[in-house]
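Report on the structure
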Amino acid sequence: MRDEEELVRLVATGDRAAFEQLYRRTSPWLAVRLRRRCSDDQIVAEVLQETYLAVWRAAGSFAGAAVNGSAVGWLWTIAARRLVDAFRKRARDSAAPLAAEPVAPAAEDEALSDVVGDRMGVALDRLAPELRQVLQAMVVDGLTVRETAALLGVPEGTVKTRARRARVAMREALS
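Residues numbered from 1 in each chain as written. Predicted model: local features only at pLDDT ≥ 70, side-chain atom pairs only at ≥ 80, totals over all residues. Heavy atoms only, no water.

1. Looking at the overall build of the protein
A tally of regular secondary structure across the protein gives eight helices and zero strands. Starting at the N terminus and ending at the C terminus, the protein contains elements arranged as α-α-α-α-α-α-α-α. Every one of the 175 residues in the protein was classed for burial, and the buried ones make up 33%. Sequence separation of 24 or more characterises 62% of the internal contacts of the protein that already satisfy a separation of 6 or more. Carbon and sulfur atoms form 53% of the exposed surface of the protein, whose accessible area is close to 10400 Å². (Helix = DSSP H or I, 4+ residues; strand = E, 2+ residues; numbered from the N terminus. Buried < 20%, exposed > 50% of the residue type's maximum accessible area, 1.4 Å probe, protein only. Contact = heavy atoms within 4.5 Å. Areas by Shrake-Rupley, 256 points an atom, 1.4 Å probe, with all protein chains shown as cover.)

Written as structure tokens, this is what we have:
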């Protein structure tokens with residue numbers, strides 16, 4: 001059985017069967033992660049389609065283990081960027097600002113607050129949004145510093161600094 005990295009490399013050669021296998025293996029997981037961040041099924045479907053179109057077109061640019069990355073992390077980075085683009089487009093197209101819409105809490109936020117209790121939930125809520133994003137990407141989503149940097153569009157050093165600041169803030173809030 002081929003791993004995702006090998007499938008991406010085969011996709012880069014134009015292997016449609018490898019692309020189909022990669023899609024079948026990763027699209028359910030990717031759809032769940034996107035739905036955690038967006039409740040609009042139409043946007044999620046569009047982002048999935050755009051993500052796999054980008055994978056087909058850009059599979060040759062995947063660097064993989066050579067840069068301490070993973071194929072799944074690479075897919076998630078593409079999907080997350082497409083989702084941000086979709087949110088920006090929707091915000092431009094709508095008369096009301098996107099932030100004015102009621103947003104349901106993300107599933108991982110709800111699960112995390114149930115697991116860690118009120119003190120931890122309050123401490124997480126008090127973190128600056130950029131610190132919370134880094135914690136979510138690295139702890140909840142399990143991304144590397146490099147993948148988190150790509151996802152958030154910031155330098156790796158910034159991710160490391162924010163992660164350290166978030167840990168210090170959480171330690172202080174919980175002591």
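2. Quick look at the pattern of salt bridges
Scanning all chains against the criterion turns up five salt bridges. Glu 6 is paired through a salt bridge with Arg 2; the nearest N and O atoms lie 3.5 Å apart. A residue is classified by how much of its surface remains accessible, and Arg 2, at 37% relative accessible area, is partly exposed. The partner of Glu 156 in a salt bridge is Arg 146, with the nearest N and O atoms 3.7 Å apart. Pair noted here: Glu 156 is in helix H8 (residues 156–174) and Arg 146 is in helix H7 (residues 145–152), with a separation of ten residues, a long-range link. For Glu 156, a relative accessible area of 31% gives the class partly exposed. Assessed through its relative accessible area of 35%, Arg 146 is described here as partly exposed. (Salt bridge = Lys/Arg side-chain N within 4 Å of Asp/Glu carboxyl O.)

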